[in-house]
Amino acid sequence: MPVTPSTPPTNDDASASWFDDLICPISAERVNERVVRATALLIAALSVAYLASGARWIPLVMAADFGIRAFWRRERSVVARIAGAIVARLGLPPIMIDFAPKVFAARIGFLFTVAITLVHGGFPIGAHVLAGTLIVFALLEGLGNVCVGCLVYSMVVVPLVRRRA
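Residues numbered from 1 in each chain as written. Predicted model: local features only at pLDDT ≥ 70, side-chain atom pairs only at ≥ 80, totals over all residues. Heavy atoms only, no water.

(A) Local environment of the nonpolar core. Counting residues in hydrophobic clusters, the biggest one holds 21 residues, and the most contacted among them are I43, Y50, M62, F66, I116 and L134. At the level of elements, helix 1 (33–53), helix 2 (57–71), helix 4 (100–119), helix 5 (124–144) and helix 6 (148–164) are the ones that each hand at least two residues to this core. By residue number, the principal contributor to this core is helix 4, which donates five residues. When residues no more than four places from it in sequence are discounted, the contact partners of I43 are M62, F66, R69, V79, L134 and A138. Counting five residues, the second-largest nonpolar core is a separate cluster that includes V31, I97, F99 and V103. (Core = buried A, V, L, I, M, F, W, Y, C linked by side-chain atoms within 4.5 Å. Buried < 20%, exposed > 50% of the residue type's maximum accessible area, 1.4 Å probe, protein only. Helix = DSSP H or I, 4+ residues; strand = E, 2+ residues; numbered from the N terminus. Contact = heavy atoms within 4.5 Å.)

Below is the structure:
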């Protein structure tokens, strides 16, 4: 049975983890998981570069790139294009996954990087905390294949939608 926000997850196996009950947005569009993970690692590297240098342009560039992936056309994203080139150069075969959770995660990344940019000058500790959080999220995706967007969607969005219904 497909799991959607209007269909609660079922867990017939008592030994299954809570992770199996996550609900993610679903679409018919597919994307290469290896490129998504490489993109996340590049975002983590850019975030570390921001923390090391304090250069305000870095989160601005990341916000623009997240915005392109979240609201426009992912093939225009410079970071995703670099990630795709790296994956192709390594000769890794594609693993196709659902694209909708990645759009949701890109929107969260967009909000984070806009917030980093806005608080950079007046509250640098807050900007560093946000950048550190973004690094953790990106590393979870890039190294651990853990979609924090799915976690947020399941724990925040779905309960809000169900409460309104």
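So that's the structure; there's more coming.
(B) Spotlight on the packing of helix 1 against helix 5. The N-to-C vectors of helix 1 and helix 5 enclose an angle of 155 degrees; their axes lie 8 Å apart at closest approach. Put simply, helix 1 runs roughly antiparallel to helix 5. Here helix 1 and helix 5 pass one another in a crossing that is left-handed. Where helix 1 abuts helix 5, its residues V36, R37, A40, L41, I43, A44, S47, V48, Y50 and L51 lie against A127, H128, A131, G132, L134, I135, A138, L139, E141, G142, L143 and G144. (Axes fitted to C-alpha atoms, helices over the stretch in contact; angles between N-to-C directions. Parallel < 35°, antiparallel > 145°, perpendicular 65-115°, else oblique. Left-handed = near helix turned anticlockwise from the far one by under 90°.)

(C) Structural context of the side chain of S47. Among the secondary structure elements, S47 is positioned in helix 1. The exposure class of S47 is buried, given its relative accessible area of 1%. Ignoring sequence-local partners within four residues, the contact set of S47 consists of M62, A131, L134 and I135.

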